[in-house]
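Close look at the chain arrangement
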Amino acid sequence: MIETNIDAVFGISIGGRAKLPIECGVVPDARMQPYEWQISPDRRLTKTDGHAHGDCVLLPGPIDICWDLAGAIIEWQMTPAQRDQFVHDYSMLSGDSARGRLPVYLLAYCAQRLGETFVAAASAETRERD
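Attention here is on the structure that accompanies the text. In this numbering scheme, every chain counts its residues from 1 along its sequence in written order. Local features in this predicted model are restricted to residues whose pLDDT is 70 or higher, and side-chain atom pairs enter the listing and the counts only when it is 80 or higher, whereas totals over whole chains, interfaces and linings include all residues. Heavy atoms from the whole structure form the basis of all side-chain values; hydrogens and water molecules are not counted.

**Focus on the overall build of the chain**
Note the following rule: Numbering goes from the N terminus for both helices and strands, where a helix is a DSSP run of H or I of at least four residues and a strand is a run of E of at least two. Burial here depends on accessible area, computed with a 1.4 Å probe over protein chains only, as a share of the maximum for the residue type. Under 20% is buried, over 50% is exposed, and the range in between is partly exposed. The contact rule is simple, with two residues in contact once any of their heavy atoms fall within 4.5 Å. Surface accessibility follows the Shrake-Rupley procedure with a 1.4 Å probe radius. Residue values consider only the protein chains on display as shielding.
Looking only at helices and strands, the chain features 5 helices and 4 strands. When the helices and strands of the chain are placed in sequence order, the string is α-β-β-β-β-α-α-α-α. A burial count over the chain gives 34% of its 130 residues as buried. Taking as baseline every contact in the chain between residues at least 6 positions apart, the subset at least 24 positions apart corresponds to 67%. When the accessible surface of the chain is split by element, carbon and sulfur atoms take 57% of a total near 8,300 Å².

**Let's talk about the packing of helix α2 (residues 66-75) against helix α4 (residues 102-123)**
Short version of the rule: Throughout, an axis means a line fitted to C-alpha atoms (over the contacting stretch in the case of helices), and angles, computed between N-to-C directions, take values from 0 to 180 degrees. Note on terminology: angles under 35 degrees are roughly parallel, angles over 145 are roughly antiparallel, angles of 65 to 115 are roughly perpendicular, and the others are oblique. Definitions for this section: a left-handed crossing has its near helix turned counterclockwise from the far helix by less than a right angle. A right-handed crossing has that turn clockwise.
For the pair α2 and α4, the least separation of the axes is 8 Å and the interaxial angle reads 65 degrees. Between α2 and α4, the interaxial angle falls into the category roughly perpendicular. Like other packed secondary-structure pairs, α2 and α4 cross with a definite hand, here right-handed. Here Cys66, Trp67, Leu69, Ala70, Gly71, Ile73, Ile74 and Glu75 of α2 come into contact with α4, specifically with Leu102, Tyr105, Leu106, Ala108, Tyr109, Cys110, Gln112 and Arg113.

Shape is all these values report; function is a separate question.
Have a look at this one:
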């Protein structure tokens, strides 16, 4: 998916270099956009849904938890400092050191979203693209 989307949109071949390690396999939420969350009166974030997002046509079945970490980083447009704190907090709470696996998942997540938007734009009516 990474290679296909980057090649289709940019015409760049990365030649099989994007391998996704799976050390902490989960069926991810896969929808980490801010609108998927609610903030309670005591300022706690609560995910509104996600029970089946990660097991669908776009992302079938288990993958590393880094998919959702990358999704949150990208979708929330975290600064480098926010990203570092987020990954640190995840590691402290889970005992899983995801930092080394995360870069390729950031690329993969962006490539997947790129493919989604590219297909949507190509299939939209002209008045919707403009």
